[in-house]
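One letter stands for each residue in the lines below.
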Amino acid sequence: MRARLSDIAQQAEVSEATVSRVLNDRPGVAPETRQAVLTALDVLGYERPARLRKRSAGLVGLVVPELDNPIFPAFAQIIESALAPTGYTPVLCTQTPGGVREDEYVEMLLDRQVSGIIFVSGLHADTAADHDRYRALTARPLPVVMINGYASGIQAPFVSCDDREAAELAVAHLAALGHRRIGLITGPDRFVPVQRKVTGYKAAMKRLDVSDAELAELTELSLFGVEGGEAAAARLLDRGVTGIVCGSDLMALGAIRAARQRGLSVPDDLSVVGYDDSPLMAFTDPPLTTMRQPVAAMAVAAVRAMVDEINGHAAPHSEYLFRPELVVRGSTAVARTASADGPRRQRPAPSALAVSA
């Protein structure tokens, strides 16, 4: 034991008496000195005494739709990192088509006696879903926090990106580049974020004096994902669009694929704007112009609200909207203009320029 104490003391650059006080959890040791001794234990491979092991404050369920879309792993990673200092351990539940449903995951989490549940883009965002499932949870009472999507009558904090503003900013960006025939591709209209994007898109287009009849022709609701974006973009290209605003980055990649299958160039013939700024979008071909969700800020806010709820310091049960950010890269460019010699290609928009909303 003397040899171990001396090794630890040497590693931590403190006295053996100080090491002894730390190992026996006695007072009179400065926090930074105590941490230095504990770090020395870890570095030398010694197991911490049971009394010094950090105890878990409990489990928090984290329910996400799936991991195919890289924006959801991004949320999960930051939520996990934000929970760690609080002592809570996340239990990640991911859904896949035909797999375990959200309600089944909730039952499993309740069996594990979780302290709360964070839902990312869950059924709370689906206006066709029965939201009594969430009211039953809050009545237990069990703290819940919802990310991206809002449902009235649920006593819980909601954290969302401002989808309406995102759509308006995307249209304004394309309009500033000279585009007037601007289409919208997004998911099924029963989802709250989709409804908000459509509202923002229509408001921005009406400021460009686009009629309601033309708006209906320029709006395509499809399945989320690359395939849905590709199919919807093909229909819009038949209607002569020169720019497309997409409801997700994956849909935007589908739109680019649809253009290339017709021999069109992005951005020379078609400008495309995504949504999320999920990882790797800066490295696509071309790098994708997109509306960035402030994932880090949203995830940290959700964790803070959850911990406050668990500790009895409930955050106001309302929706907190976070502003999106336009990130201009290589998939948008100045619209082609007609000249005496025929169509003339303009210089592409500058790449990797971030513009705060």
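Everything quoted here is computed from the prediction, not taken from an experiment. (Residues numbered from 1 in each chain as written. Predicted model: local features only at pLDDT ≥ 70, side-chain atom pairs only at ≥ 80, totals over all residues. Heavy atoms only, no water.)

Draft legend 1. Spatial organisation of the overall build of the protein. Looking only at helices and strands, one finds twelve helices and 15 strands in the protein. The C-alpha atoms of the protein give a radius of gyration of 26 Å, which is well past the 21 Å a tight globule of 357 residues would have. A principal-axis box enclosing the C-alpha atoms of the protein has dimensions of 90 × 45 × 35 Å. Looking at the 357 residues of the protein, the share that counts as buried comes to 48%. Pairs at least 24 residues apart make up 69% of the contacts formed inside the protein by residues separated by at least 6 positions. Each charge class in the protein can be summarised by its mean position, and for the 37 positive and 42 negative side chains these summaries are 3 Å apart. (Helix = DSSP H or I, 4+ residues; strand = E, 2+ residues; numbered from the N terminus. Rg over C-alpha atoms; globule rule 2.2 N^0.38 Å. Buried < 20%, exposed > 50% of the residue type's maximum accessible area, 1.4 Å probe, protein only. Contact = heavy atoms within 4.5 Å. Lys, Arg positive; Asp, Glu negative; His and termini not counted. Charge placed at Lys NZ, Arg CZ, Asp CG, Glu CD.)

Draft legend 2. Quick peek at unusual backbone geometry. At the junction of Arg 140 and Pro 141, the peptide bond is cis and its omega measures out at 0 degrees in the coordinates. Structurally, Pro 141 can be placed in the loop between helix H6 (132–139) and strand S4 (144–147). The linkage connecting Val 266 with the following residue, Pro 267, adopts the cis geometry, with an omega of 20 degrees. Considering the arrangement of structural elements, one finds Pro 267 in the loop between helix H11 (249–261) and strand S9 (271–276). One non-glycine residue with positive phi stands out, namely Glu 13, at about 60 degrees. Summarising the element assignment, Glu 13 is placed in the loop between helix H1 (2–12) and helix H2 (16–23). Note on Glu 13: relative accessible area 72%, which makes it exposed. Although it is not a glycine, Leu 280 adopts a positive phi angle of roughly 80 degrees. Tracing the backbone shows Leu 280 in the loop between S9 and strand S10 (289–292). In this structure Leu 280 comes out as exposed when scored by relative accessible area, which is 61%.

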